[in-house]
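Coordinate analysis (summary)
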Amino acid sequence: MKEGAFDFIQKPVDLEHLKVLVQRAARQQELLRENLLLREEFSARYGFPRIVGDTPLSVISVHRFSASHKPIPLFCCSAKAGTGKELFARAVHHLSPRRDLPFVALNCAAIPEGLVENELFGHERGAFTGAGNRKAGKMDLAHRGTLFLDEIGELPLAIQAKLLRVLEERTFERVGGTQSIDVDVRIVVATNRDLHKAVADKSFREDLYFRISAVSADDSAAPRAR
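Predicted model only: the values in this text are computed from it and were never measured.

1. Side note on the side chain of E151
With respect to the secondary-structure elements, E151 resides in the loop between β5 (146-150) and α6 (157-169). Leave out the neighbours within four places in its chain, and E151 touches K85, N107, C108, A109, A190, T191 and N192.

Written out as structure tokens, the structure is:
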């Protein structure tokens, strides 16, 4: 059942019960097919989410990044607050093969420094006082989908190192945990900081900057919704 089986039967087989299960499974599959057809029709009819931008390059970039099948492609834009960065991040997700999977957003600047790791990676039971149960972080919640990290330039250096590990090895550990957890997530990042300057003054890791700049939008094409 955990691997996706619809149901199970026990021996000796009750044929009437088996018939009911088969009919129920057939109805569910039909509903799934109708749902898929409706989604495809919606995407074909409306296409790119309705965002008004100040340059067509923004739309071109989003389409280019969305079409990628790489497990962790990155879309990096330098834009000020209120310029519609999350709208474009959602557009990347909507137009990608991961559109039916979770989209999770995290504003790195809105979380106190001491809580960022817990919010991003979650924690194990007993990791600290008050941690009565295991908590899934944003990385867990975005598994197989898209994680949007807004204001990535505000991440503490220690958390930058952990994020780099996710990008390179596709694994992470929860706070208080020792087990490496595999994760498949597309990471979309945005910042209003000058990361070139941040790298120069050692407040942003150069190796992480290299990773998030490997597939990035040109500054001239940075999206601005209005």
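2. Quick notes on the nonpolar core
Ranked by size, the top nonpolar core spans 31 residues in total, and within it M139 and L149 carry the most contacts. Secondary structure elements with two or more residues in this core: β2 (103-107), α4 (116-121), β5, α6, β8 (186-191), α7 (195-200) and α8 (206-213). Among the elements that take part in this core, α6 stands out by supplying five residues, more than any other. Discounting residues that sit within four places of it in the chain, L149 has contacts with L106, C108, L120, L163, I187, V188, V189 and A190.

3. Overview of the pattern of salt bridges
Following the criterion strictly, the structure yields 11 salt bridges and no others. The partner of R98 in a salt bridge is D184, with the nearest N and O atoms 2.9 Å apart. On the criterion of sequence distance, the pair formed by R98 in the loop between α3 (85-94) and β2 and D184 in the loop between β7 (181-182) and β8 is long-range, its members being 86 residues apart. Two residues, R205 and D207, come together in a salt bridge whose shortest N-O distance is 2.7 Å. Judged by relative accessible area, R205 falls into the partly exposed class, the value being 28%. Taken together, the shared-partner salt bridges in this structure form one network comprising E124, R134, D140 and R174.

Calculation rules
- Residues numbered from 1 in each chain as written.
- Predicted model: local features only at pLDDT ≥ 70, side-chain atom pairs only at ≥ 80, totals over all residues.
- Heavy atoms only, no water.
- Helix = DSSP H or I, 4+ residues; strand = E, 2+ residues; numbered from the N terminus.
- Contact = heavy atoms within 4.5 Å.
- Core = buried A, V, L, I, M, F, W, Y, C linked by side-chain atoms within 4.5 Å.
- Buried < 20%, exposed > 50% of the residue type's maximum accessible area, 1.4 Å probe, protein only.
- Salt bridge = Lys/Arg side-chain N within 4 Å of Asp/Glu carboxyl O.

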